[in-house]
Amino acid sequence: TVAAVRAELPALAERTYLFGQARGEVLPMVVGEQNLSTVFMRSLGLNIPENFRDAPATAALAPGTVGVSYEQVGMLDEADVLFMTFAAGDDRARFEGNPLVRQLRPVREGGYVPLTLDQAVALQAPNVVSVGWLLDELRPALQKVANEQE
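Heads up: these notes are all about the structure in this document. (Residues numbered from 1 in each chain as written. Predicted model: local features only at pLDDT ≥ 70, side-chain atom pairs only at ≥ 80, totals over all residues. Heavy atoms only, no water.)

Turning next to the overall build of the protein chain. For the protein chain, the helix and strand inventory stands at eight helices and five strands. The secondary structure elements of the protein chain, listed N-terminal to C-terminal, are α-β-β-α-α-β-β-α-α-α-β-α-α. Expected size for 150 residues packed as a compact globule is a radius of gyration near 15 Å; at 14 Å, the protein chain falls within 12% of this value. A principal-axis box enclosing the C-alpha atoms of the protein chain has dimensions of 40 × 30 × 30 Å. Expressed as a percentage of its 150 residues, the buried residues of the protein chain come to 47%. Sequence-distant contacts, at least 24 apart, represent 76% of the contacts inside the protein chain between residues at least 6 apart. A total accessible area of about 7,400 Å² is found for the protein chain, and carbon and sulfur atoms account for 54% of it. Between the centroid of the 12 positive side chains of the protein chain and the centroid of its 19 negative side chains there is a distance of 1 Å. (Helix = DSSP H or I, 4+ residues; strand = E, 2+ residues; numbered from the N terminus. Rg over C-alpha atoms; globule rule 2.2 N^0.38 Å. Buried < 20%, exposed > 50% of the residue type's maximum accessible area, 1.4 Å probe, protein only. Contact = heavy atoms within 4.5 Å. Areas by Shrake-Rupley, 256 points an atom, 1.4 Å probe, with all protein chains shown as cover. Lys, Arg positive; Asp, Glu negative; His and termini not counted. Charge placed at Lys NZ, Arg CZ, Asp CG, Glu CD.)

Have a look at this one:
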């Protein structure tokens, strides 16, 4: 359960995350306060980095997202853990091959987590059926980020 993970990994409360998608030229990052994935991650103790907290989230790309270009990708550096999903087959290779992405702190320090489509769908709309499975899937990344030293 969420409560069990939060109790097991209390240091998550001191960590930040971002969840987004590589989609062609743009990276929609889910930052809307009311977005189900934001609410779910906050329930684990994770927060959106400060530089995204007041970002103007809209539904232009997807509900509760802000678009980040590859030129702006340095903004993602503030996240302790970066969960990414990919719209098309070549989007992952493009994202992971980008020199600016490779310089990001979460990528360099092992806090980058490429999600499968099933994981991404469950994170976008966590529900009573999917939460246990999703927590099991994300547990290695959550444990890693919780155990990092400041």
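Attention now goes to the side chain of Thr38. The topology assignment puts Thr38 in helix α2 (residues 36-44). For Thr38, a relative accessible area of 2% gives the class buried. Setting aside residues no more than four positions away along its own chain, Thr38 makes contact with Tyr17, Val30, Val31, Gly32, Glu33 and Ile48.

Next up on the list: the pairing of strand β1 (residues 17-22). For β1, the tally of buried residues reaches six of six residues, placing the bulk of the element in the interior. Neither face of β1 is left uncovered, since the one carrying Tyr17, Phe19 and Gln21 and the one carrying Leu18, Gly20 and Ala22 both have all their residues buried. In the sheet, β1 pairs with strand β4 (residues 81-86) via six bridges, with the strands oriented parallel. Bridging across to β4, Tyr17 finds its partner in Val81. (Pairing = 2+ DSSP bridges.)

If you look at the biggest cluster of nonpolar residues, it comprises 46 residues, and the most contacted ones within it are Leu27, Met29, Phe83 and Phe95. Where this core is concerned, the elements lending two or more residues are β1, β2 (26-30), α2, β3 (65-69), β4, β5 (112-114), α7 (117-124) and α8 (131-147). Broken down by element, the residue count for this core peaks at eight residues, all from α8. Residues contacting Phe83, with those up to four places away along its chain left out, are Tyr17, Leu18, Phe19, Gly20, Met41, Val113, Leu115, Leu138, Ala141 and Leu142. (Core = buried A, V, L, I, M, F, W, Y, C linked by side-chain atoms within 4.5 Å.)

Our focus in this paragraph is the packing of α7 against α8. For the pair α7 and α8, the least separation of the axes is 10 Å and the interaxial angle reads 125°. Classed by the angle they form, the pair α7 and α8 counts as oblique. α8 is crossed by α7, and the crossing has left-handed handedness. For the pair α7 and α8, the contacting residues are Asp118, Gln119, Ala122 and Leu123 in the first and Trp133, Leu134 and Glu137 in the second. Looking at the contact of α7 with α8 residue by residue, the classes come out as four nonpolar, one polar and two charged. (Axes fitted to C-alpha atoms, helices over the stretch in contact; angles between N-to-C directions. Parallel < 35°, antiparallel > 145°, perpendicular 65-115°, else oblique. Left-handed = near helix turned anticlockwise from the far one by under 90°. Nonpolar A, V, L, I, M, F, W, Y, C, P; charged D, E, K, R; others polar.)

Looking at the element boundaries, Leu123 is found in helix α7. Given a relative accessible area of 0%, Leu123 falls into the buried group. On a C-alpha basis, the gap between Leu123 and Glu14 in space is 20 Å, while along the polypeptide they are 109 residues apart. Each residue touching Leu123, except ones within four places of it in the same chain, is listed here: Phe19, Ser37, Phe40, Met41, Leu115 and Leu134.

It is worth spelling out the environment of Val131 at this point. Position of Val131 among the secondary structure elements: in helix α8. For the pair Val131 and Phe83, spaced 48 residues apart in sequence, the C-alpha to C-alpha distance is 16 Å. Excluding residues within four positions of it along the chain, Val131 makes contact with Val2, Phe40 and Pro126.

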